[in-house]
Amino acid sequence: MTITIALNSESVNSLDLSPVNTVIHRLLQEGAIATQEQQLQFNIDYALEPGDPRELSEIPELRLWFVRLDAKYPWFPFLLDWKAGELARYTAMLVPHQFSVKEGIQYNPEALEIFLMHKIFILSEWLKQQNIPWQARLKSMAQILGYELDDALFEIF
């Protein structure tokens, strides 16, 4: 069951996380966090000036909102609908990048690697706390972002 969070200019500009908080609090009360894996999508309605060519991930106010979201819920990527591109969009909000007409989004490689490893460490601990098998999930997340993780990495921690 897909959960859609509506995000508008007012929420973004005031750094209001209540659209997400409402969903997260409901899932926590129902004990349903683990069952909502990869079920969450954003519907972002952010007003731009006519003719503004920027992608959503190029808007500083929107990126700041996602930085705040990530600070509050660092395990949030677990809930995102990866197949619908939500993980890529979330990553673009947090990692410096450029757009290429031929190749699409091009993340800064070092920044992407730091972001990915940060998420691997956070999510491994969070998934263990939730008693959710974690290694395959983290490998899949890394693959979506263009990385292959070796099993030896997981033996270290």
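In this text, all values refer to a predicted model and were calculated from it rather than measured experimentally.

**Student:** I tried to follow the overall build of the protein chain on my own but got confused; where do I start?
**Tutor:** Helix and strand counts for the protein chain stand at seven helices and four strands. The secondary structure elements of the protein chain, listed N-terminal to C-terminal, are β-α-α-β-α-α-β-β-α-α-α. A globule of 157 residues ought to have a C-alpha radius of gyration of about 15 Å, and the protein chain, at 16 Å, matches this closely. Taken along the three principal axes of its C-alpha coordinates, the protein chain extends 50 × 40 × 25 Å. Expressed as a percentage of its 157 residues, the buried residues of the protein chain come to 41%. As displayed, the protein chain has an accessible area near 8,800 Å², and 51% of this comes from carbon and sulfur atoms.

**Student:** Help me understand empty space enclosed by the protein, please; the structure alone is not making it clear to me.
**Tutor:** Summary: where empty space remains is shown by rolling a probe the size of a single water molecule over the atoms. All chains considered together, the criterion is met by one cavity of 30 Å³ or more. Considering only enclosed or pocket space, the largest cavity measures out at about 50 Å³ in volume. In terms of lining, the largest cavity is formed by Glu 37, Phe 78, Trp 82, Leu 123, Leu 127, Arg 137, Leu 138 and Met 141. For the lining of the largest cavity, the secondary structure elements donating two or more residues are helix 5 (109-129) and helix 6 (135-144). Class assignment for the residues of the lining of the largest cavity results in six nonpolar, no polar and two charged.

**Student:** Explanation requested: the nonpolar core in the structure shown.
**Tutor:** Most often, soluble globular proteins keep nonpolar side chains buried together rather than apart. By size, the foremost hydrophobic cluster in this structure holds 49 residues, and its most contacted members are Val 20, Phe 42, Trp 65, Phe 66, Leu 69, Phe 76 and Leu 79. Broken down by secondary-structure element, the contributors of at least two residues to this core are strand 1 (3-8), helix 2 (18-30), strand 2 (40-45), helix 3 (60-72), helix 4 (86-94), helix 5 and helix 6. The leading source of residues in this core is helix 5, at eight residues. Those residues in contact with Trp 65 that lie beyond four places of it in its chain are Leu 7, Ser 11, Val 12, Leu 15, Asp 16, Leu 17, Val 20 and Phe 42.

**Student:** In this structure, what is going on with the pattern of salt bridges? I would like to understand it.
**Tutor:** Where side chains of opposite charge bring their charged atoms close, a pairing between them can arise. Applying the stated criterion across every chain, the model contains six salt bridges. Between Glu 37 and Arg 137 there is a salt bridge; the shortest N-O distance is 2.7 Å. Remark: Arg 137 occurs in helix 6 and Glu 37 occurs in the loop between helix 2 and strand 2; sequence separation between them is 100 residues. Glu 86 is the salt-bridge partner of Arg 89, the closest N and O atoms lying 2.8 Å from each other. Taken as a pair, Arg 89 and Glu 86 lie in helix 4 at a separation of three residues, close to a single helical turn. With a relative accessible area of 5%, Glu 86 lands in the buried category.

**Student:** Is there a simple way to explain the pairing of strand 3 (residues 97-100) in this structure?
**Tutor:** Pairing of strand 3 with strand 4 (residues 104-107) involves four bridges; the strand directions are antiparallel. Looking at strand 4, one finds that Ser 100 is bridged to Gly 104. Count of turn residues in the strand 3/strand 4 antiparallel hairpin: three residues.

What counts as what
Residues numbered from 1 in each chain as written. Predicted model: local features only at pLDDT ≥ 70, side-chain atom pairs only at ≥ 80, totals over all residues. Heavy atoms only, no water. Helix = DSSP H or I, 4+ residues; strand = E, 2+ residues; numbered from the N terminus. Rg over C-alpha atoms; globule rule 2.2 N^0.38 Å. Buried < 20%, exposed > 50% of the residue type's maximum accessible area, 1.4 Å probe, protein only. Areas by Shrake-Rupley, 256 points an atom, 1.4 Å probe, with all protein chains shown as cover. 1 Å grid on protein atoms, 1.4 Å probe; cavity = no way out; pocket = protein on both sides within 12 Å on 5 of 7 lines; lining within 4 Å. Points joined across faces, edges and corners; volume = space filled by probe spheres on them. Nonpolar A, V, L, I, M, F, W, Y, C, P; charged D, E, K, R; others polar. Core = buried A, V, L, I, M, F, W, Y, C linked by side-chain atoms within 4.5 Å. Contact = heavy atoms within 4.5 Å. Salt bridge = Lys/Arg side-chain N within 4 Å of Asp/Glu carboxyl O. Pairing = 2+ DSSP bridges.

Note that every value here comes from positions in space, so none of it alone points to a role or purpose.
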